[in-house]
Amino acid sequence: MTQPFTSYDVLLLWHAFLTTFYLSLCGGALAIAGGTGMGLICFSRARLFAPLRLVVGGGCTVVRRIPFIIVLYLVFYVSGMSGLDISAVTVSILAIGLIGSTYITEIVQGGLRAVGSDKIEVARTMNMGSAAILRHVILPQSLPLIVPPVLGYLVLFIKDTALASQIGVIELNQAGIILTNRGLPTFHVFFTILILYFVISFPLTVMIQKMEKKLVIS
Amino acid sequence: MSYLEFRNVQASYGTNPILLGVDLDIEKGEIVSLIGPSGSGKSTMLRVLIGLTPLSGGEIRLEGKPIDYATKAGLRAVRSRMAMVFQSFGLFDHLTVEQNLLLAPTVVGKKKRAPLLEEMHEVLRLTDMQGHDGKRPPQLSGGQKQRIAIARALMLHPEILLMDEPTSALDPIRIAAMSDLFGKLAAQGVTIIQVSHNMDVVRSLSDRIVLMHDGRIAATASPKRDQDDNAAIARFMAAEAHQA
């Protein structure tokens, strides 16, 4: 007969579920904010941003070629060496935000560049400034190209939050390992975890589909 | 002193020279048509004049004063006197026709939308596009898009109207109507510089035809005054008409 979950197990899973949700939410928000900002810097042709463009472009190229687990360790050890007293959860959020923002930078930059240069030139001949062109011409046309892949990418990243267990964060994957180590049936434990991951990512998937439809219609 | 003077104007795309020293005088209210083979520098003349392609040499004078393309203020000043109709139309697909027409006057000109509506309806009537103001560009035909691009340029009240193939997507009836409109604008003092491969439009509309070849002016002619120096132009126009 299979051993049922005790109230402690349920509490552990609930806590791990909230941690995974928190990592996804905060890491995703950080990745979107950082990726959008860096994407705009890379897209900008202002001379003022030229050194920043080099740093951001180079940084993104390097970070995207490193496995997430290595980025996680790097952030973990660098924060430790710098003497900052930050929790493993915060380190995980920073690592997710860092690697996520490098991918989102590419998506944002690609979406912005997809707007025809003729339309930007038309706006220039009409004496529109850079900010007005971005607001009235580029963003409305590039958002349908940017938002769905960014959200799709975040769904992929929810699964990668499992790697936070490597630095001691008790998220869903780590909770599963703890429960199986305590003798609970592996299939039951990880099937439950599968459902919990689905609960987090499915609403985001539905949101992407709705947003895609809305953006295409608009 | 002419209204608009090109003096040894040179321009290049990267290392590829396009304009190799163009000298041209244009009077206020004149309709000038630039013709010539592809790559001869016709569109670049328009782009240089409105500051989209930088000059690599020479200068352009407007009412005797050199146009300052190097500063934002100079660019703003010259662009506030011009409007350009692009060959690709360049309409904003996410905006309705009304929003396309009112974007610059409201965002750049800081004008209120309501007083502009009457003017917009008049411009749409002139371009025979009345009743289309709620549509978006993807819902319009090529010819309709072209007329909206012309209407959008007219909303800017340009002193100089630059048009790159402004009748390429129009049927003969619309071409006649648009030619009539351009003639009326010129009579009101609007200077029109157009690039066109439609030799009927060029012949009937132009005060002056400028034939460009390899980044230079090869010949000019004034069809309305029936000058003699247009043998090269006549040959080019005959060849274009034959191809059409």
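Small disclaimer: the values here were computed from a predicted structure and weren't measured.

Observations regarding the overall build of chain A
Here is step 1: Tallying secondary structure elements over chain A gives 8 helices and 0 strands in all.
Here is step 2: Shown N-terminal to C-terminal, the secondary structure of chain A runs as helices and strands in the order α-α-α-α-α-α-α-α.
Here is step 3: For chain A, the C-alpha atoms occupy an extent of roughly 75 × 45 × 25 Å along the three principal directions.
Here is step 4: Each of the 218 residues in chain A was classed as buried or not, and the buried ones make up 33%.
Here is step 5: Put simply, of all contacts in chain A between residues at least 6 apart along the chain, 78% involve residues at least 24 apart.

Regarding the overall build of chain B
Here is step 1: Along chain B, the regular secondary structure elements total 8 helices and 10 strands.
Here is step 2: The C-alpha radius of gyration computed for chain B amounts to 18 Å, which stays within 12% of the reference 18 Å derived for 244 residues, consistent with globular compactness.
Here is step 3: In terms of principal-axis extent, the alpha carbons of chain B reach across some 50 × 45 × 35 Å.
Here is step 4: Here chain B holds 244 residues, and the buried ones make up 43% of them.
Here is step 5: Partitioning the contacts of chain B with sequence separation of at least 6, the portion at a separation of at least 24 is 65%.

Focus on the UniProt feature "transmembrane region" (unreviewed entry) in chain A
Residue and element names in this part refer to chain A.
Here is step 1: Sites flagged by UniProt as "transmembrane region" (unreviewed entry) map to residues 12-42, 54-76, 88-112, 133-158 and 187-208.
Here is step 2: Strand forms 0% of residues 12-42 and helix 100%; the C-alpha atoms that close the span are 43 Å apart.
Here is step 3: Between the end C-alpha atoms of residues 187-208 the distance is 30 Å, and the span holds 100% helix and 0% strand.

Points about helix α4 (residues 88-113) of chain A
Here is step 1: An ideal rise of 1.5 Å per residue puts 38 Å on 26 residues; α4(A) measures up with 37 Å between its terminal C-alpha atoms.
Here is step 2: Approximately 25° is the largest bend angle found in α4(A), and it occurs at A:Ser101.

Observations regarding unusual backbone geometry
Residue and element names in this part refer to chain B.
Here is step 1: Of note in this structure, Phe89 is not a glycine but carries a positive phi near 70°.
Here is step 2: Along the chain, the position of Phe89 falls in the loop between β6 (82-85) and α3 (97-108).
Here is step 3: Judged by local crowding, Phe89 falls into the buried class, with 24 C-beta atoms found within 10 Å.
Here is step 4: At His157, a residue that is not glycine, the phi angle is positive and equals roughly 50°.
Here is step 5: Its place among the elements puts His157 in the loop between α5 (142-154) and β7 (160-164).

Section: the nonpolar core
Here is step 1: One finds B:Met84, B:Ala151, B:Ala153 and B:Leu162 to be the most contacted residues of the largest nonpolar core, which totals 112 residues.
Here is step 2: Ranked by residues supplied to this core, first place goes to α4(A) with 12 residues.
Here is step 3: Here this core spans two domains, and each of domain 1 (27-54 + 71-81 + 158-244) and domain 2 (92-157) of chain B adds at least three residues to it.
Here is step 4: The residues contacting B:Leu162, other than those within four sequence positions of it, are B:Leu46, B:Leu49, B:Ile50, B:Met82, B:Met84 and B:Ile193.

Regarding the interface of chain B and chain A
Here is step 1: Contacts between the two partners involve 17 residues from chain B and, on the opposite side, 14 residues from chain A.
Here is step 2: Those elements that place two or more of their residues in the side of chain B that touches chain A are α2 (72-79) and α3 of chain B.
Here is step 3: The element best represented in the side of chain B that touches chain A is α3(B), accounting for 4 residues.
Here is step 4: Residue composition of the side of chain B that touches chain A, grouped by class: 10 nonpolar, 4 polar and 3 charged.

Points about the sheet that holds strand β1 (residues 4-13) of chain B
All names here are of chain B.
Here is step 1: Spatial ordering of the open sheet is given by β2-β1-β4-β5, a layout of 4 strands whose pairing is antiparallel. Edge positions in the sheet fall to β2 (16-26) and β5 (65-66), since each of these pairs with one other strand and no more.
Here is step 2: Pairing of β1 with strand β4 (residues 57-62), which is carried by 5 bridges, proceeds in the antiparallel orientation. The residue bridging Glu5 from the neighbouring strand is Arg61, located in β4.
Here is step 3: Of the strands in this sheet, β1, β2 and β4 touch helix α1 (residues 42-49), which is tilted by about 70° from β2.

Some remarks on the environment of A:Tyr77
Here is step 1: Looking at the element boundaries, A:Tyr77 is found in helix α3 (residues 68-81).
Here is step 2: Considering only alpha carbons, one finds A:Tyr77 and A:Gly35, 42 residues apart in sequence, at a separation of 23 Å.

Let's talk about the confidence of the model for chain B
Here is step 1: Residue-level pLDDT values for chain B average 91, and 96% of them are 70 or greater.
Here is step 2: For this predicted complex, the interface score ipTM comes out at 0.89, alongside a pTM of 0.81.

Things to note about the packing of α3(B) against α5(B)
Residue and element names in this part refer to chain B.
Here is step 1: It is at 8 Å that the axes of α3 and α5 come closest, and there the two elements cross at 30°. Taken together, α3 and α5 sit at an angle that is classed as roughly parallel. Crossing geometry of α3 relative to α5 is assigned as right-handed. On α5, the residues that touch Val97, Asn100 and Leu101 of α3 are Ile148, Ala151 and Arg152.
Here is step 2: By residue class, the composition of the contact of α3 with α5 is 4 nonpolar, 1 polar and 1 charged.

Observations concerning the domain arrangement of chain B
It is common to give the size of an interface as the accessible area that goes away when the parts come together.
Residues and elements named next belong to chain B.
Here is step 1: Partitioning chain B into structural domains gives domain 1 (27-54 + 71-81 + 158-244) and domain 2 (92-157).
Here is step 2: The straight-line distance from the C-alpha centre of domain 1 to that of domain 2 is 23 Å.
Here is step 3: Taken together, the contacts link 10 residues of domain 1 with 9 residues of domain 2.
Here is step 4: The element that contributes the greatest number of residues to the side of domain 1 that touches domain 2 is helix α6 (residues 172-187), accounting for 4 residues.

Parameters and conventions
Residues numbered from 1 in each chain as written. Chains lettered and ligands numbered in written order. Predicted model: local features only at pLDDT ≥ 70, side-chain atom pairs only at ≥ 80, totals over all residues. Helix = DSSP H or I, 4+ residues; strand = E, 2+ residues; numbered from the N terminus. Buried ≥ 20, exposed ≤ 12 C-beta atoms within 10 Å, placed from the backbone. Contact = placed C-beta atoms within 7 Å. Rg over C-alpha atoms; globule rule 2.2 N^0.38 Å. UniProt positions renumbered as here; feature names shortened; annotations may be inferred. Expected span 1.5 Å × (residues − 1). Bend = angle between axes of the 7 residues up to and from the residue. Core = buried A, V, L, I, M, F, W, Y, C linked by C-beta atoms within 7 Å. Domains from an automatic or database assignment. Nonpolar A, V, L, I, M, F, W, Y, C, P; charged D, E, K, R; others polar. Pairing = 2+ DSSP bridges. Axes fitted to C-alpha atoms, helices over the stretch in contact; angles between N-to-C directions. pLDDT = per-residue confidence, 0-100. Parallel < 35°, antiparallel > 145°, perpendicular 65-115°, else oblique. Left-handed = near helix turned anticlockwise from the far one by under 90°.

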